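Architecture and fold: a report
Spelled out, the chains give:
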Amino acid sequence: MSDDSALDVMGLSLSLGRLEILDAVSLSLRAGEIVAITGESGSGKSMTALAIMGLLPAGMRPSGQIQLDGRDMLSLSEREMCRLRGNDIGMIFQEPMTALNPLKTIGDQVLETILIHTESSKAAARLRAAEVLMRVGLPPEKYSLSRYPHQLSGGQRQRVVIAMAIVLRPKFLIADEPTTALDVTTQAQILALLKDLVRQEGMGMLIITHDLAVVGNLADHILIMRRGKVLERGPTKQLFAAMSHPYTRMLFEASSHQVSLPPPPPEAAPLLQVCDVTRAYQLPRKGIFSVAQSFRAVDNVSFTLRAGERLGLVGESGCGKSTLTRAILGLEPVQAGTITLNGAPVWAGARPNRVVRRNIQVVFQDPYGSFNPRHKVARLITEPYHLLDAPLSEQDREAAVSEALVAVGLSPDDGGKYPHEFSGGQRQRLAIARALILRPELIVFDEAVSALDVSVRAQILDLIVDLSTRFALSYLFISHDLSVVRSITDRVMVMQAGAIVEHGPTDQVLVQPRHPYTQSLLAAAPRLPPLPKRVAQ
Amino acid sequence: MRGSYTLILGAAMTLCFAAAALVSFIWVPFDVTLVDIPNKLQRPTGQHWLGTDHFGRDLLSMIMVGARTSIAVALIAVGIGILIGVPLGLLAAARKGSWLDEMIMRANDLIFAFPSLVIAILITAIFGAGAVNAIIAIGIFNIPVFARVTRGGALSLWEREFILSARVAGKSGLLISVEHILPNLANLLIVQGTIQFSLGILAEAGLSYVGLGAQPPLPSWGRMLADAQTMVSFAPHLALVPGGAIILTVLGLNMMGDGLRDRLDPKLRGRPV
Amino acid sequence: MLRYSLKRLLSLGISLVVASLVIFAVIEVAPGDPARFMLGINAQPDTVAALRAELGLDVPKVQRYLAWVGGMLSGDFGISYTYRVPVGQMIADRMWVSLPLALMALTLSTVIALPVGLYAANRRGGRGDMAVMGLTQLGIAVPNFWFAMILVVIFAINLRWFSAGGFPGWDAGLLVGLKALTLPAVALALPQAAILSRVMRSALIDILSEDFMRTARAKGLTRQQALWRHGLRNALIPVLTIMGLQFSFLLAGAIIIEQVFFLPGLGRLVFQSISQRDLIVVESVVMLLVFAVIVVNFAVDLAYVAVDPRLRTQL
């Protein structure tokens, strides 16, 4: 492998009808170098990657030049591109759960890259596949080549995808949001692996990510993109120091957005009390005669949320936080323990308690799936009125809708629109309006900002703080992301394998964690370099 | 939009036959019971646009009256499928994983093992042949079809967050099924309904052909074909006319179904063709 | 894997029991006493009683049901009311026409549909695809028995390549028998092939948009290679489901097609029996048809396991 391999993109443009997807994008990548493209959704960063691979959706023809060691890839025939993919340039995708063929063993899938490009014998290829799987952290004695993808976790599958991409030692690797779908600890491992591969094998890597913090620790060069254009580029340190484009500065500030929460009322009465709650699920039986095992999704959890308090709940996927949320919302009964609001149980006998439900409302993650597409906004946000004992008069209803919409920064006229007329951030505002309309005592934010772009996320966080000041809200803020929880909560709980392993004031837990799991979470979380003084003013 | 092309053409063809069936109630060119032996087995003429059969009956009139039978049988059978199948599917989805869900789905599987022809055979064995048999036989077979489609669609909706929100708002499974699930399944059910309607017309023709469906003197396309069988070598129009009527109706319905799916299914909308 | 198979086997057993109960109950409520029907209206009451005893009609219903099911399990389907010969023998003779016919049609429809679906998916949106979609749309709309009549006119009456109907029996030679079943099988298969081609096409098109197909392309596989190596087997899962469902349509269709070609199969037997009120024959043939459908669907369930490794470990 020559060390002077080069991938140069010059004036790459792409349009679909009148829509400009890419506008004169240029970048260059050398062996042993990591270049990152970052930007919010719709910036064209993934399209750039697909254009380089020649894998754009059918009917899209880019213009400009993409040169690999001086050879223009855009003028290559499809057959020549096939010879190049996997051989000279490897690619890794975002979603490891679906990136592998579910019907073929991982060994065969890694093997395939070798067999289609080289004359190597099957036995030799098998040896090389085992070697590469070992290299990416899947030693064959533990993870046999004959395993199927569904027998591996998301992080392990991503390792297989990486193995497939690097097995022929390509000169360049393109990684499209390679860790977005993974937990922080897994993300840190995969990023470390990628960095190590680049350094040791002398590959050049183009990484596409929306996460500035990931970029800061990894890339040598950064390109900031918005709406198909490169706004700013440069070596990482210089770019972070200069931030000459206002959009870059905005992205940077939004990524580390800190809100200022008013102090909580001192020594208020307990509002939500969760006491020794356990929720177990039956696992399918392994053999015909073996005893059915159960899995404790929530294992003996207790905590108290006081009136006016803003409590955070943090944990990785599968830790049981969603199950706990559902139990608190009264959507699922628990097997043991009690959940009470102001002393009244969430479940009254076999039915959920209406009075309690009225006082707990929720905002979910997905701004697009949260509303029935066939109803108008006014009807959607007044859905919680179903919990009232007597229906409101038409006038009171309209007044409440207007008030709620105005409170979340929308216009009273928006009540007559359908949800598809709103952007993702606006829909999340609607979801908050729906949660507010009954003036509940507690709002549960279930990953409520996780699906949003950073700039929108910052706005929604500001809105939450603003509302909590105006309405003296108490809330439970559930997130997988430590950096979000940091400023929006007074107190935080860390959950692992169904149990709360650490809790305490947010500042304390996130600065001086005591439990090893919290420590590992914090260590794994990518961190932005400190904001330059000039910018912070 | 290729989709709207097929939709318009399909709807036009379907409407043509529906109109013919309706018009036949007030007017047909000739009385379908009128036997006119001197004019038997005529090829299409100025007087008999589609010719006459072995009794000299006017084929156009018989096709028009036969459309009545076909459409009525298929429509009622689809109605039975929707009225019973859709609530069952909604119920099974609302109680996913419960014994009720299991029971409904097992019963569905069981009905699938009885093709409508077999059901028709059984019914005929008890009550004798008739158009009602065809309705019941095809209708029963439609129940599991709609139950499955409804359950499948409803299950994916139940996972969505707007259903969770409705549950947080304290709404019961029944209310959520009616208010949130059913309206969002309407498109799916309309498309499936069109498909089942066309299958119903084919099934009715088959049953009448073997003598398990409509009985004389009620004209039906399937029986016209059965009568034509022995004469097809010297009077091919006897088979071509009712066969063409069946094919065009079914084709029209299927094209309409495809067009509707392209038009209504947001998942397919905007997908490059 | 074993657990999955056993679970399927159990549900197969339950389905068969319930199906047999339904069929038995339906035939039970049928009006008219077979013995009286056989002997005519003027028969003496004691003659009727004697015949009832001979046919086993005088014992309680539960016992009769058990005897019927037990008999079928040991291959004894009872005695035909009309012909006084074992029903099992009658069915066995007819089966040798109906079963090969259905199998020939299934094979033919699969052999036609899979390549056609593959071709259309490959040329999605192109002229070839449009032509296939148009033809299959037409194929679905054609009633198979009408198509059979047209085939007879063209290939038997005009071209004289095949006989217009009847079945010489397998004793006349395998080829002679197959030739007699060719037109009926084609008539049965083509409409089904139209449906299956469309299913194959849309299954492949769905698979083409899967993430792992993009991964395969990023490895350097050509479109064709990716389709053959990764697409086909994944598309097989929905195709298998439809093939299982189609079998019941083919059986039912075979019964109707037999009427067009005057084939001495199960269809002829069942219609004859209905008109002669030979209910024991109707009951047994229906049970046999339902049995075939249930068993084929069981086989399809097992085939899923062969195709999909996720089912092997999950259950």
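Looking only at helices and strands, chain A features 19 helices and 22 strands. Scaling as 2.2 N^0.38, a compact globule of 537 residues should have a C-alpha radius of gyration of about 24 Å, and chain A matches this with 26 Å. Residues classed as buried in chain A amount to 54% of the 537 residues present. Partitioning the intrachain contacts of chain A with sequence separation of at least 6 by distance along the chain shows that 69% fall at a separation of at least 24.

Here the focus is the interface of chain C and chain A. Contacts between chain C and chain A engage 25 residues on the former and 33 residues on the latter. The contact between chain C and chain A buries some 2,600 Å² in all, and 59% of this surface belongs to carbon and sulfur atoms. For the pair chain C and chain A, the interface holds 3 salt bridges. The shortest N-O distance in the salt bridge between Arg229 of chain C and Glu112 of chain A comes to 3.4 Å. Counting across the chain C and chain A interface gives 13 residue pairs in polar contact (both at pLDDT 80 or more).

On to the packing of aromatic side chains, then. Tallied over the full model, the rule gives 13 aromatic pairs over all chains. Summarising the aromatic geometry, the rings of Phe240 of chain A and Phe252 of chain A are spaced 5.2 Å apart at their centres and angled 70 degrees between planes, so their arrangement reads as edge-to-face. In this pair, Phe240 of chain A sits in helix α8 (residues 236-242) while Phe252 of chain A sits in helix α9 (residues 246-255), placing the two residues 12 residues apart along the sequence. Summarising the burial analysis for this pair, Phe240 of chain A and Phe252 of chain A share the class buried. Considering the side-chain rings of Phe24 of chain C and Tyr65 of chain C, the 5.3 Å spacing of their centres and the 65 degrees angle between planes classify their relative orientation as edge-to-face. With Phe24 of chain C in helix α1 (residues 2-29) and Tyr65 of chain C in helix α4 (residues 61-73), this residue pair connects regions lying 41 residues apart in the sequence. By the burial criterion, Phe24 of chain C is buried, and Tyr65 of chain C matches it. Note that Arg68 of chain B overlies the ring of Phe25 of chain B, its terminal NZ or CZ placed 4.3 Å from the centroid. Its guanidinium or amino end placed over the ring of Phe162 of chain C, Lys179 of chain C lies 5.9 Å from that ring's centre, counting from NZ or CZ.

The next subject is the confidence of the model for chain B. On average, residues of chain B carry a pLDDT of 85, and 96% of them reach 70 or more. Both scores are available for the predicted complex, with the pTM at 0.85 and the ipTM at 0.86.

Next up on the list: the pairing of strand β14 (residues 336-341) of chain A. Sheet faces and side chains relate simply in a regular strand, where the side chains alternate between the two faces. Residues and elements named next belong to chain A. Both strand β11 (residues 270-282) and β14 contribute to a ladder of 5 bridges, which runs antiparallel. Opposite Cys275, over in β14, you have Thr338 as the bridge partner. Note: β14 against strand β15 (residues 344-345), 2 bridges, orientation antiparallel. By the bridge assignment, Thr340 is partnered in β15 with Pro345. Joining the antiparallel neighbours β14 and β15 is a turn of 2 residues, in which Asn342 adopts a positive phi near 50 degrees.

Residue and element names in this part refer to chain A. The sheet contact formed by strand β3 (residues 34-38) and strand β9 (residues 221-226) spans 4 bridges and is parallel. Following the sheet pairing, Val35 is matched in β9 by His221. Sheet topology note: the β9/strand β10 (residues 229-235) ladder contains 6 bridges and is antiparallel. Directly across from Ile224, in β10, lies its bridge partner Glu232.

This brings us to the interface of chain B and chain C. Between chain B and chain C, the residue contacts involve 38 residues of the former and 48 residues of the latter. Carbon and sulfur atoms supply 80% of the area buried between chain B and chain C, which totals about 3,700 Å² over both sides. Here chain B is connected to chain C by 1 salt bridge. Arg198 of chain C is the salt-bridge partner of Asp258 of chain B, the closest N and O atoms lying 3.4 Å from each other. Joining chain B to chain C, the criterion identifies 4 residue pairs in polar contact (both at pLDDT 80 or more). No other element matches helix α9 (residues 237-264) of chain B, which puts 10 residues into the side of chain B that touches chain C. Considering only residue class, the side of chain B that touches chain C consists of 29 nonpolar, 6 polar and 3 charged.

This brings us to the sheet that holds β11 of chain A. Residues and elements named next belong to chain A. The 4 strands are arranged β12-β11-β14-β15 in an open sheet whose pairing can be described as antiparallel. At either end of the open sheet lies a strand with only one pairing partner, and these are β12 (294-306) and β15. Here helix α10 (residues 321-328) sits on the sheet and contacts β11, β12 and β14; the angle it forms with β12, its principal contact strand, is near 60 degrees.

Turning to the environment of Glu383 of chain A, a few remarks are in order. The topology assignment puts Glu383 of chain A in the loop between α12 (377-381) and α13 (394-407). The exposure class assigned to Glu383 of chain A is buried, which follows from its relative accessible area of 6%. Counting along the chain gives 214 residues from Glu383 of chain A to Arg169 of chain A, while the straight-line C-alpha distance between them is 57 Å. Discounting chain neighbours no more than four positions away, the residues touching Glu383 of chain A are Arg434 of chain A together with Ser165, Ala166, Ala169, Lys171, Glu179 and His180 of chain B.

Another point: the sheet that holds β10 of chain A. Residues and elements named next belong to chain A. Here 6 strands make up an open sheet; going across it, the order is β6-β7-β8-β3-β9-β10 and the pairing mixed. Bordering the open sheet on either side are β6 (89-92) and β10, each of which pairs with just one other strand. Within this sheet the neighbouring strands show an average axis-to-axis angle of 15 degrees, counted without direction. Packing against the sheet, helix α5 (residues 154-166) makes contact with β6 and β7 (172-176), and its axis sits at approximately 170 degrees to β6.

A separate point is the packing of helix α6 (residues 127-141) of chain C against helix α8 (residues 174-208) of chain C. Residues and elements named next belong to chain C. Orientation of α6 relative to α8, taken along the N-to-C sense of each, is 135 degrees, at an axis distance of 8 Å. Taken as axis vectors, α6 and α8 run oblique relative to one another. α6 and α8 meet at a crossing whose hand is left-handed. Along its contact with α6, which presents Asp129, Met133, Thr136, Gln137, Gly139 and Ile140, the element α8 presents Pro191, Ala194, Ile195, Ser197, Arg198 and Arg201. Partitioning the contact of α6 with α8 into residue classes produces 5 nonpolar, 4 polar and 3 charged.

Criteria and cut-off values
Residues numbered from 1 in each chain as written. Chains lettered and ligands numbered in written order. Predicted model: local features only at pLDDT ≥ 70, side-chain atom pairs only at ≥ 80, totals over all residues. Heavy atoms only, no water. Helix = DSSP H or I, 4+ residues; strand = E, 2+ residues; numbered from the N terminus. Rg over C-alpha atoms; globule rule 2.2 N^0.38 Å. Buried < 20%, exposed > 50% of the residue type's maximum accessible area, 1.4 Å probe, protein only. Contact = heavy atoms within 4.5 Å. Buried area = accessible area lost by both parts, 1.4 Å probe. Salt bridge = Lys/Arg side-chain N within 4 Å of Asp/Glu carboxyl O. Polar contact = N/O pair within 3.5 Å; in protein donor to acceptor, adjacent residues only side chain to side chain. Phe/Tyr/Trp six-rings, centres within 6.5 Å; stacked < 30°, edge-to-face > 60°. Lys NZ or Arg CZ within 6 Å of the ring centre and 35° of its normal. pLDDT = per-residue confidence, 0-100. Pairing = 2+ DSSP bridges. Nonpolar A, V, L, I, M, F, W, Y, C, P; charged D, E, K, R; others polar. Axes fitted to C-alpha atoms, helices over the stretch in contact; angles between N-to-C directions. Parallel < 35°, antiparallel > 145°, perpendicular 65-115°, else oblique. Left-handed = near helix turned anticlockwise from the far one by under 90°.

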